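Summary of structural features
Residues per chain, in single letters:
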Amino acid sequence: STICDTCWAGSISTTGSSNCTVCPAGTYEVNNTCIPCPAGNFSITAGNSFCLNCASGTYVASGSTTCTICPAGKFSENNNCSSCAAGKFAALNSSSICSICSAGSYSLQEATVCIICAAGKYSFNNTCTSCGAGSYSSTSGSTLCVSCVSGSISSLDSTVCTSCTAGKYSDSNSCVSCVAGKRFQ
């Protein structure tokens, strides 16, 4: 032969070689060099002249042949699988974002669900906080506690206020008897 043929795309040769060598899976050919696919890209088969992008919700190491799915509780960001922060969650595999917990609920880091605060508590700063004495929350998922009306009391974590019995009034969250000569209406 009087001419040298160019190797086909996705293959390389060395000087004086009579054969072309196919670039392995996880690499691609550029200017007669097999280069590992960059992070976030992959090639499944040998003999590639380009790499494919990983889908949203997945990640891949450099030179890899497959993308890896981020599990629930995590999300893909800059070709990394990162944990959802406290107060957020990812319910499904392959998430590209974490969702914010709704009012009245909270979550820990890497959560797949948010936890609804029980009655007698309210959500504040991504935690369930007890309603203090003299207040209550009657439903789960509350974002605040309601103060008891005059003449009624409650203890910590209450879901209702209790009225003081006849002849008593509320004072510092306890029912106190009226002194002789006075009455409470």
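Residues numbered from 1 in each chain as written. Predicted model: local features only at pLDDT ≥ 70, side-chain atom pairs only at ≥ 80, totals over all residues. Heavy atoms only, no water.

A word on the overall build of the protein. Helix and strand content of the protein: zero helices and 22 strands. Against the 2.2 N^0.38 benchmark of 16 Å for 185 residues, the protein shows a C-alpha radius of gyration of 33 Å, more extended than a compact globule. Seen along its three principal axes, the alpha-carbon backbone of the protein occupies a region of about 125 × 20 × 15 Å. Counting only residues that meet the buried cut, the protein has 28% of its 185 residues in that class. Of the contacts formed within the protein by residues at least 6 apart in sequence, a portion of 19% connects residues at least 24 apart. Counting every atom, the protein has about 11,200 Å² of accessible surface; 54% of that belongs to carbon and sulfur. (Helix = DSSP H or I, 4+ residues; strand = E, 2+ residues; numbered from the N terminus. Rg over C-alpha atoms; globule rule 2.2 N^0.38 Å. Buried < 20%, exposed > 50% of the residue type's maximum accessible area, 1.4 Å probe, protein only. Contact = heavy atoms within 4.5 Å. Areas by Shrake-Rupley, 256 points an atom, 1.4 Å probe, with all protein chains shown as cover.)

A complete count under the given rule lists one aromatic pair for this structure. Seen in terms of ring centroids, Tyr 122 and Phe 124 are 6.5 Å apart; in terms of plane orientation they differ by 50°. Their pairing is tilted. Given the relative accessible area of 52%, Phe 124 is considered exposed. (Phe/Tyr/Trp six-rings, centres within 6.5 Å; stacked < 30°, edge-to-face > 60°.)

Moving on to unusual backbone geometry. Of note, the phi angle at Asn 31 is positive, near 50°, even though the residue is not glycine. Among the secondary structure elements, Asn 31 is positioned in the loop between β3 (27-30) and β4 (33-36). The exposure class assigned to Asn 31 is exposed, which follows from its relative accessible area of 70%. Phi is positive for Glu 110, close to 65°, though the residue is something other than glycine. Residue Glu 110 is classed as partly exposed on the basis of its relative accessible area of 39%.

All chains considered together, the criterion is met by one salt bridge. With a shortest N-O distance of 3.4 Å, Lys 121 and Asp 157 are connected by a salt bridge. In this pair, Lys 121 sits in strand β15 (residues 121-124) while Asp 157 sits in the loop between β19 (152-153) and β20 (162-163), placing the two residues 36 residues apart along the sequence. With a relative accessible area of 25%, Lys 121 lands in the partly exposed category. (Salt bridge = Lys/Arg side-chain N within 4 Å of Asp/Glu carboxyl O.)

For the coordinates displayed, the defined rule picks out 11 disulfides. In this model, Cys 101 is linked to Cys 114 through a disulfide, with the two sulfur atoms separated by 1.9 Å. Taking the sign of the S-S torsion, about -80° here, the bridge from Cys 101 to Cys 114 comes out left-handed. Taken together, the residues Cys 101 in the loop between β12 (99-100) and β13 (105-106) and Cys 114 in the loop between β13 and β14 (115-116) connect sequence positions 13 residues apart. Assessed through its relative accessible area of 22%, Cys 114 is described here as partly exposed. One disulfide bridge connects Cys 117 with Cys 128, the sulfur atoms lying 2.0 Å from each other. Taking the torsion about the S-S bond as the criterion, the Cys 117 to Cys 128 disulfide, at about -95°, is left-handed. Taken together, the residues span a long stretch of sequence, with Cys 117 in the loop between β14 and β15 and Cys 128 in strand β16 (residues 127-130) at a distance of 11 residues. Here Cys 117 falls in the buried class, since its relative accessible area comes to 0%. Judged by its relative accessible area of 27%, Cys 128 falls in the partly exposed class. No disulfide involves Cys 4; its sulfur sits 10.0 Å from the nearest other cysteine sulfur, which is in Cys 7. Overall, Cys 4 belongs to the exposed group, its relative accessible area being 80%. (Disulfide = S-S within 2.5 Å.)

Remember that the coordinates give geometry; whether it matters functionally is a separate question.
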